[in-house]
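Take a look at the letters that make up each chain.
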Amino acid sequence: IAAYSRAKMVEKDLPAICRACADYFKESLDLVSTFKVEAKRADKRFPHQSPEICATVGEALLDAFPHLSVDVHNPDLTVVVEIRDFGAFIHALQLPGAGGMPIGSNGTAVTLLSGGIDSPVSTYMICRRGVRLIRRAIMNKGTVFESNRRKRTHRAALKILVRKRPAATAIPAA
């Protein structure tokens, strides 16, 4: 997943899209001073073209929020309208995802996690390539203090990996 955002599905009707944008983005639009509207039409049968959708939705938002102004080059908020076959989606505030390939698309591998930083980093990088991982832990010999510290480091690294890519590291160590 490269990015994600909270979206709302509305009917494919331009006035309904305008109303939904004003309602759905009210809190966000109250906090910004500039915005722009982007439109994407997967359904080319929709009677309005992308520039017309942008202009109409933008006009409705300017009417509803008089403090706003349009800035197409550096907006505080970008409102996106996507016209699909089965409805229209409106969204903004895109957040970055973990990226990489779908988990399991490149097979399964075994990862060895030691107490150092290099093994969890390389494990995370291979997860991004779509490999499902079987976890194995190795402990280097050392004093009791070093062994306990390595165990804590290993557990902390594993928690971060599972939080970042939970399905990639879901196969437990046997």
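Parameters at a glance
Residues numbered from 1 in each chain as written. Predicted model: local features only at pLDDT ≥ 70, side-chain atom pairs only at ≥ 80, totals over all residues. Heavy atoms only, no water. Helix = DSSP H or I, 4+ residues; strand = E, 2+ residues; numbered from the N terminus. Buried < 20%, exposed > 50% of the residue type's maximum accessible area, 1.4 Å probe, protein only. Contact = heavy atoms within 4.5 Å. Pairing = 2+ DSSP bridges. Axes fitted to C-alpha atoms, helices over the stretch in contact; angles between N-to-C directions. Polar contact = N/O pair within 3.5 Å; in protein donor to acceptor, adjacent residues only side chain to side chain. Phe/Tyr/Trp six-rings, centres within 6.5 Å; stacked < 30°, edge-to-face > 60°. Core = buried A, V, L, I, M, F, W, Y, C linked by side-chain atoms within 4.5 Å. Salt bridge = Lys/Arg side-chain N within 4 Å of Asp/Glu carboxyl O. Patch = residues over 30% accessible without salt bridge, like charges linked within 9 Å, V, L, I, M, F, W, Y side chains within 5 Å. Areas by Shrake-Rupley, 256 points an atom, 1.4 Å probe, with all protein chains shown as cover. Parallel < 35°, antiparallel > 145°, perpendicular 65-115°, else oblique. Left-handed = near helix turned anticlockwise from the far one by under 90°. Nonpolar A, V, L, I, M, F, W, Y, C, P; charged D, E, K, R; others polar.

Chemist: An account of the overall build of the chain is requested, with residue identities and associated values reported.
Modeler: A count of helices and strands for the chain gives five helices and nine strands. Beginning at the N terminus, the succession of helices and strands in the chain can be written as β-β-α-α-β-α-β-β-β-β-β-α-β-α. A total of 174 residues make up the chain; the buried ones form 33% of that total. Residue pairs at least 24 apart in sequence account for 76% of intrachain contacts in the chain once pairs closer than 6 positions are excluded.

Chemist: Give me the lowdown on the sheet that holds strand β4 (residues 69–70), citing residues and values where you can.
Modeler: Spatial ordering of the open sheet is given by β2-β6-β5-β3-β4, a layout of five strands whose pairing is mixed. Whereas interior strands pair on both sides, the edge strands pair on one side only; in this sheet they are β2 (7–10) and β4. Seen against the sheet, helix α3 (residues 50–64) touches β3 (34–41), β4 and β5 (77–83) and runs at an angle of roughly 145° to β3.

Chemist: Can you lay out the side chain of His-91 for me, pointing to particular residues and giving the numbers?
Modeler: Topologically, His-91 is positioned in strand β6 (residues 88–91). One polar contact links His-91 to Ser-5, side chain to side chain, over a distance of 3.3 Å.

Chemist: Before we move on, could you go through unusual backbone geometry and cite the residues and values that matter?
Modeler: You will see that Leu-93, though not glycine, has its phi angle at about 50°, which is positive. The topology assignment puts Leu-93 in the loop between β6 and β7 (95–96).

Chemist: A description of the packing of aromatic side chains should follow, citing residues and the corresponding values.
Modeler: Remark: the centre distance and the inter-plane angle together describe each pair of aromatic rings, the angle taken between the planes. In this structure the tally under the stated criterion is two aromatic pairs. Where Tyr-24 meets Phe-25, the ring centres are 5.1 Å apart and the plane angle is 70°; that geometry is what we call edge-to-face. Considering the side-chain rings of Phe-86 and Phe-89, the 5.9 Å spacing of their centres and the 80° angle between planes classify their relative orientation as edge-to-face. According to the relative accessible area criterion, Phe-86 is exposed, its value standing at 57%.

Chemist: Report on the nonpolar core, specifying residues and quantitative values.
Modeler: Counting residues in each nonpolar core, the largest one holds 27 residues, and the members touching the most others are Ile-17, Cys-21, Leu-29, Val-57, Leu-61 and Val-81. Counting residues per element, the ones that place at least two in this core are α1 (14–24), β3, α3, β5 and β6. The biggest single contributor to this core is α1, with seven residues. With near-sequence residues (within four places) excluded, Val-57 lies in contact with Leu-14, Ile-17, Cys-18, Cys-21, Val-37 and Val-81.

Chemist: Explain the pattern of salt bridges to me, and be specific about the residues and the numbers.
Modeler: Pairing between side chains of opposite charge can happen when the charged atoms of each approach one another. All chains considered together, the criterion is met by six salt bridges. Close ionic contact of Arg-45 with Asp-43 constitutes a salt bridge, the shortest N to O distance being 3.1 Å. For Asp-43, a relative accessible area of 3% puts it in the buried group.

Chemist: Provide a residue-level description of a nonpolar patch on the surface, including the pertinent values.
Modeler: Residues Ile-1, Tyr-4 and Leu-95 make up a contiguous nonpolar surface patch of about 340 Å² in total accessible area. With respect to the helices, strands and loops of the structure, Ile-1 is situated in the segment before β1 (3–4). Residue Ile-1 is classed as exposed on the basis of its relative accessible area, which comes to 67%.

Chemist: Before we move on, could you go through the packing of α1 against α3 and cite the residues and values that matter?
Modeler: The contact between α1 and α3 brings their axes to 9 Å, and the two run at 45°. Compared by their axis directions, α1 and α3 come out oblique. The hand of the α1/α3 crossing is right-handed. In this structure, α1 contributes Leu-14, Ile-17, Cys-18, Cys-21 and Ala-22 to the contact, and α3 contributes Ile-53, Thr-56, Val-57, Ala-60, Leu-61 and Ala-64. Of the residues contributing to the contact of α1 with α3, the split by class is 10 nonpolar, one polar and no charged.

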